[in-house]
Amino acid sequence: MAKETLTVTDNRTGKTYEIQIDQGAIRATDLRQIRVSEDDVGLLSYDPAFMNTASCKSAITFIDGEKGILRYRGYPIEQLAEQSTFLETAYLVLHGELPTGKQLEEWVYNITHHTMIHENIKKFVDGFHYDAHPMGILVGTVAALSTFYPDAKNILDTANRQKQIYRLIAKMPTLAAFAYRHSLGLPFAYPDNDLSYSGNFLNMLFRMTESKYTPNRVMEKGLDVLFILHADHEQNCSANAMRSVGSSHVDPYSAVAAATAALYGPLHGGANEAVLRMLREIGTKEKVPEFIKKVKTREALLMGFGHRIYKSYDPRAKAIKKLAYEIFEVTGTNPLLDIAIELERIALEDEFFVKRRLYPNVDYYTGMVYEAMGFPVEIYPVLFAIGRTPGWIAQWQEMLLDPEQKIARPRQLYVGSEQRDYVQIEQRR
Ligand code: SDX
């Protein structure tokens, strides 16, 4: 039986070493024994942007990028999108099992009854310019929640953590909706506990003078499915931020603020907004070939395409494309859809994209669905953050409870100046 080990020879010394292989990986710290002298700290692994480095062991999400597979706790997202709800999926992502009827009832009750936020938070939201980007407002206000719940620092207390988890999942939509209403100069619409999680979010966004808001069932279901499809995605940029910042044992609100800031970037969660702007800039189907040329000469990125892990069609993009047609049945089709479909058709045939294995990712069709549902483009990454909050918290909690984890502190390869003496300003040139 072949041994699960690696034998390496250090040609600098002629020494050989046997290194254990576990789950297709070696421990980077096992390289430290490879040294050329007693005072040598030993071999490091160098991996900018973690292209080939596992930072943790996780049981939350499984992705097979070659086959386009995505499962939360073993359940295919296609089945969850069809049969589950976002709050049930959030429970699954966080607890590892689908809830019983009683567990789900208690979970939904607790989240529903934590949707209100402290009235003082309205004062900071009002302090932002009318055109402040809602992601900037969200980063600021979710961090501010840490000052309203100082007990959240007791991160190793299970019951306390659970209370903060209810609050975070419950209040992200409220913060998002208040930011949106502020940008329109509209009064804040308070949560309505009679509505579902997604229905209440629509209520806080769109209720006007009616005493009771009734969400459109297709929109409510569509938004819930979109939240399910965004719930987690293993060690993406924002999950890494959540784990890294959380590893200092800061409270979860501050860690979620860091994750939200990471998601804000156009290469990550900001891509859904960037896709809409790209499609609007292209303007017509006829102009697609001209844009493709710009992508090939590196003047533009094809936003919503490409992925570090998926080297095939992102399964979420498939599910969202299917959902888009259901939403367009109600809202009327989106003229940008023709441009997006033409762009996808060309990209999937063109050698430049095929060679680089670039396919539509989760953000490619999401923006068009959000636009059809009446959301302004700036709020798209905020919708991503709401859906991803259970995933961030699950990653954070798994890190906290993992005995192998400690404060994240990577090493570096120093390429700077050797020691040199201070130069008086008169001698400097
Ligand atoms: C999300 O990680 C996650 O799981 C993230 C996410 C999640 O659920 O959390 O899935 C959500 O962030 C989806 C990705 C959204 N971002 C975008 O759609 C922005 C456009 N995409 C690219 O910026 C890019 O594809 C990334 C950032 C998504 C992935 O970048 P990688 O893995 O670092 O790949 P790369 O930049 O090394 O690209 C390899 C090649 C390069 O060309 P060469 O230098 O080899 O010639 O492909 C090119 C890139 O220039 N390329 C693109 C491209 N994406 C990659 N060229 C044009 N358009 C693109 N979109």
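See the structure printed just above.
Note that the coordinates shown come from a computational prediction; the quantities given were computed from them, not determined experimentally.

Novice: What should I look at first to understand the overall build of the chain in this one?
Specialist: Within the chain, the secondary structure is distributed over 17 helices and 5 strands. Scaling as 2.2 N^0.38, a compact globule of 429 residues should have a C-alpha radius of gyration of about 22 Å, and the chain matches this with 24 Å. With respect to the three principal axes, the spread of C-alpha positions in the chain is 80 × 70 × 55 Å. For the chain, the residues scored as buried account for 49% of the 429 residues in total. Sequence-distant contacts in the chain: of pairs separated by 6 or more residues, those separated by 24 or more amount to 70%. For the chain, the accessible area works out to roughly 21900 Å², and carbon and sulfur atoms hold 54% of it.

Novice: Sorry if this is basic, but what is going on with empty space enclosed by the protein here?
Specialist: Over the atoms rolls a probe the size of a water molecule, and in doing so it shows where empty space is left. Enumeration over the complete set of coordinates arrives at 1 cavity of 30 Å³ or more. For the largest cavity, the lining is made up of 15 residues, of which Thr112, Thr115, Ser196, Tyr197 and Asn200 are closest to its centre. The set of elements that each furnish at least two residues to the lining of the largest cavity consists of helix 3 (101-112), helix 6 (158-184) and helix 7 (197-206). With 4 residues, helix 7 is the largest single contributor of residues to the lining of the largest cavity.

Novice: Would you take a moment to explain the environment of Ile121 for this structure?
Specialist: Its place among the elements puts Ile121 in helix 4 (residues 120-127). A residue is classified by how much of its surface remains accessible, and Ile121, at 0% relative accessible area, is buried. Taking C-alpha positions, Ile121 is 8.7 Å from Leu175, a pair spaced 54 residues apart along the chain. When neighbours within four sequence positions are excluded, Ile121 is seen to be in contact with Thr141, Leu145, Phe148 and Leu175.

Novice: Would you mind showing me how to read the sheet that holds strand 4 (residues 69-72) here?
Specialist: Two orientations exist for strands paired in a sheet by backbone hydrogen bonds: parallel and antiparallel. If you trace the 3 strands from one edge of the open sheet to the other, you get 3-4-5, paired in antiparallel fashion. The open sheet terminates on both sides in strands that have one partner only, identified here as strand 3 (61-64) and strand 5 (75-76). Relative to strand 4, strand 3 is paired through 4 bridges, and the arrangement is antiparallel. Each residue of the ladder has a partner; that of Thr61, found in strand 4, is Tyr72.

Novice: For this particular structure, what's the right way to read the layout of surface pockets?
Specialist: Approximately 210 Å³ is the volume attributed to the second largest pocket. Around the second largest pocket, the lining residues are Glu78, Ala81, Glu82, Lys221, Val225, Lys318, Ala319, Lys322, Leu323 and Glu326. No other element matches the 5 residues that helix 13 (residues 315-331) contributes to the lining of the second largest pocket. Taken together, the residues that form the lining of the second largest pocket break down as 4 nonpolar, no polar and 6 charged.

Novice: Just to check I follow, could you spell out helix 8 (residues 217-229) for this structure?
Specialist: Each α-helix winds once per 3.6 residues, and so residues spaced three or four apart point in a common direction. Between its first and last C-alpha atoms helix 8 spans 18 Å; for 13 residues at 1.5 Å apiece the expected length is 18 Å, and the two agree. The buried fraction of helix 8 is high, at 10 of 13 residues. Three or more residues of helix 8 are buried, namely Met219, Glu220, Gly222, Leu223, Asp224, Val225, Leu226, Phe227, Ile228 and Leu229. Capping of helix 8 at its N-terminal end is provided by Asn216; its side-chain oxygen lies 2.7 Å from the backbone amide nitrogen of Val218.

Novice: Explanation requested: the packing of aromatic side chains in the structure shown.
Specialist: Each aromatic ring pair is summarised here by two numbers: the centre-to-centre distance and the angle between the ring planes. Per the counting criterion, the structure on display carries 18 aromatic pairs. Measuring from ring centre to ring centre gives 6.2 Å for Phe124 and Phe148, while their planes differ by 50 degrees; the resulting arrangement is tilted. Residue Phe124 is found in helix 4, and its partner Phe148 is found in helix 5 (residues 134-148); the two are separated by 24 residues along the sequence. Taking the centre distance of 5.0 Å and the plane angle of 75 degrees together, the rings of Phe352 and Phe353 count as edge-to-face. Here Phe352 matches Phe353 in class, with each residue buried.

Novice: Got a minute to help me understand the side chain of Asp363 in this structure?
Specialist: Along the chain, the position of Asp363 falls in helix 16 (residues 363-372). Every residue in contact with Asp363, bar those within four places of it in the chain, is listed here: His268, Gly269, Ala271, Asn272, Val275, Gly304 and Phe384.

Novice: Hey, could you run me through the site of the ligand in this one?
Specialist: In the vicinity of the ligand lie 23 residues, with His233, Arg298, His307, Arg308 and Arg316 positioned nearest. Leu267 is positioned with one of its backbone polar atoms (N or O) 2.9 Å from a nitrogen atom of the ligand. Computed on the free molecule, the ligand has an accessible area of 1000 Å², of which 75% lies beneath the protein chains in the complex. Counted by class, the shell around the ligand contains 10 nonpolar, 7 polar and 6 charged residues.

Novice: Help me understand the environment of Arg73, please; the structure alone is not making it clear to me.
Specialist: Tracing the backbone shows Arg73 in the loop between strand 4 and strand 5. The sequence separation of Arg73 and Lys153 amounts to 80 residues, and the corresponding C-alpha distance is 28 Å. Excluding residues within four positions of it along the chain, Arg73 makes contact with Ala59, Ile60, Leu92, Val93, Leu94 and Gly96. Here Val93 takes part through its backbone oxygen, which lies 2.8 Å from a polar atom of the side chain of Arg73.

Novice: Can you help me understand the packing of helix 9 (residues 237-246) against helix 10 (residues 252-264) in this one?
Specialist: What describes two packed helices is the angle between their axes and the distance between those same axes. Between helix 9 and helix 10, whose axes approach to 8 Å, the crossing angle comes to 150 degrees. One finds that helix 9 runs roughly antiparallel with respect to helix 10. As for the relative orientation of helix 9 and helix 10, their crossing is right-handed in sense. Contact with helix 9, carried on its side by Cys237, Ser238, Ala241, Met242, Val245 and Gly246, involves Pro252, Ser254, Ala255, Val256, Ala258, Ala259, Ala262 and Leu263 of helix 10 and no other residues of that element. Of the residues that constitute the contact of helix 9 with helix 10, the class distribution is 11 nonpolar, 3 polar and no charged.

Rules used throughout
Residues numbered from 1 in each chain as written. Predicted model: local features only at pLDDT ≥ 70, side-chain atom pairs only at ≥ 80, totals over all residues. Heavy atoms only, no water. Helix = DSSP H or I, 4+ residues; strand = E, 2+ residues; numbered from the N terminus. Rg over C-alpha atoms; globule rule 2.2 N^0.38 Å. Buried < 20%, exposed > 50% of the residue type's maximum accessible area, 1.4 Å probe, protein only. Contact = heavy atoms within 4.5 Å. Areas by Shrake-Rupley, 256 points an atom, 1.4 Å probe, with all protein chains shown as cover. 1 Å grid on protein atoms, 1.4 Å probe; cavity = no way out; pocket = protein on both sides within 12 Å on 5 of 7 lines; lining within 4 Å. Points joined across faces, edges and corners; volume = space filled by probe spheres on them. Pairing = 2+ DSSP bridges. Nonpolar A, V, L, I, M, F, W, Y, C, P; charged D, E, K, R; others polar. Expected span 1.5 Å × (residues − 1). Polar contact = N/O pair within 3.5 Å; in protein donor to acceptor, adjacent residues only side chain to side chain. Phe/Tyr/Trp six-rings, centres within 6.5 Å; stacked < 30°, edge-to-face > 60°. Near = heavy atom within 4 Å. Axes fitted to C-alpha atoms, helices over the stretch in contact; angles between N-to-C directions. Parallel < 35°, antiparallel > 145°, perpendicular 65-115°, else oblique. Left-handed = near helix turned anticlockwise from the far one by under 90°.

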